[in-house]
Amino acid sequence: GVGGEGNPHPKIAAPAIAGMPGWYVENQLTKFKTGARGKHPQDTPGLRMHPMARMLKDEEIPAIAQYVAQLTPVKVTTTIRGSVEAGKALYQTCAACHGAQAEGNQLLNSPPLSAVQDWYLVQQLKNYKYGYRAWDPELDPIGYAMVAISQMLENEQAMHDVVAYIMTLGRSGS
């Protein structure tokens with residue numbers, strides 16, 4: 001959307017990006033452009049992003065990233081059901097990179113998670129776990145770390161639990 005609000009419709013599955021840090025948006029657009037992200041046949045939304053990002057000139061990417069960063073973040077609503085208590089225990093490993101309040105850490109290339117839609121977080125955990133995202137450690141060595149981390153989530157319920165907990169963090173105004 002024009003305001004970076006995303007679109008949860010299953011045929012689109014575009015996350016809200018308004019207010020995401022410019023460094024993260026720039027990294028992801030570059031990954032989409034180079035094929036480090038969005039090339040796995042099971043990653044349908046990523047497959048749509050790859051050709052769009054390829055049309056960007058390298059010098060356009062930082063400007064787009066900074067534009068997205070200045071957009072007002074959207075208020076996310078909860079759509080995933082999970083155990084916050086179980087998720088809190090699972091999140092302890094995540095906190096090492098993403099922060100105690102899921103605020104992210106640029107030095108570790110870990111994005112903030114607390115303002116991202118829950119359905120998108122679950123989908124990305126699945127993508128990492130099943131090898132659809134960061135599938136090539138040479139193309140995306142930083143993202144590839146998430147492949148191993150995602151393996152500690154035994155099943156989809158564990159993913160729902162950790163995301164339910166994340167949704168309780170840093171929720172100013174919600």
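Report on the accompanying structure. As the structure is a computational prediction, the values presented were derived from the model and not from experiment.

1. Regarding helix α1 (residues 22–34)
Piece 1. In a regular helix each residue adds 1.5 Å, so 13 residues correspond to 18 Å; α1 covers 18 Å between its end C-alpha atoms and thus fits that length.
Piece 2. Listing the buried residues of α1 in full gives G22, W23, Y24, V25, Q28, L29, K31 and F32.
Piece 3. Residues of α1 that are buried in the fold lie against α2 (44–54), α3 (60–70) and α6 (141–150).
Piece 4. Positioned one or two residues after α1, G35 has a phi angle of 90 degrees, which is positive.

2. Let's talk about the side chain of D140
Piece 1. Following the sequence through the fold, D140 ends up in the loop between α5 (118–129) and α6.
Piece 2. Residues within four places of D140 in sequence aside, it is in contact with K31, A36 and A134.

3. Let's talk about the packing of helix α4 (residues 84–98) against helix α7 (residues 156–166)
Piece 1. Two numbers describe how α4 lies on α7: the axes approach to 7 Å, and their chain directions differ by 85 degrees. Relative to α7, the element α4 is oriented roughly perpendicular. Seen from α4, the contacting residues are V84, A86, G87, K88, L90, Y91 and C94; seen from α7, they are A158, D161, V162, A164, Y165 and I166.
Piece 2. Of the residues that constitute the contact of α4 with α7, the class distribution is ten nonpolar, one polar and two charged.

Cut-offs and rules
- Residues numbered from 1 in each chain as written.
- Predicted model: local features only at pLDDT ≥ 70, side-chain atom pairs only at ≥ 80, totals over all residues.
- Heavy atoms only, no water.
- Helix = DSSP H or I, 4+ residues; strand = E, 2+ residues; numbered from the N terminus.
- Expected span 1.5 Å × (residues − 1).
- Buried < 20%, exposed > 50% of the residue type's maximum accessible area, 1.4 Å probe, protein only.
- Contact = heavy atoms within 4.5 Å.
- Axes fitted to C-alpha atoms, helices over the stretch in contact; angles between N-to-C directions.
- Parallel < 35°, antiparallel > 145°, perpendicular 65-115°, else oblique.
- Nonpolar A, V, L, I, M, F, W, Y, C, P; charged D, E, K, R; others polar.

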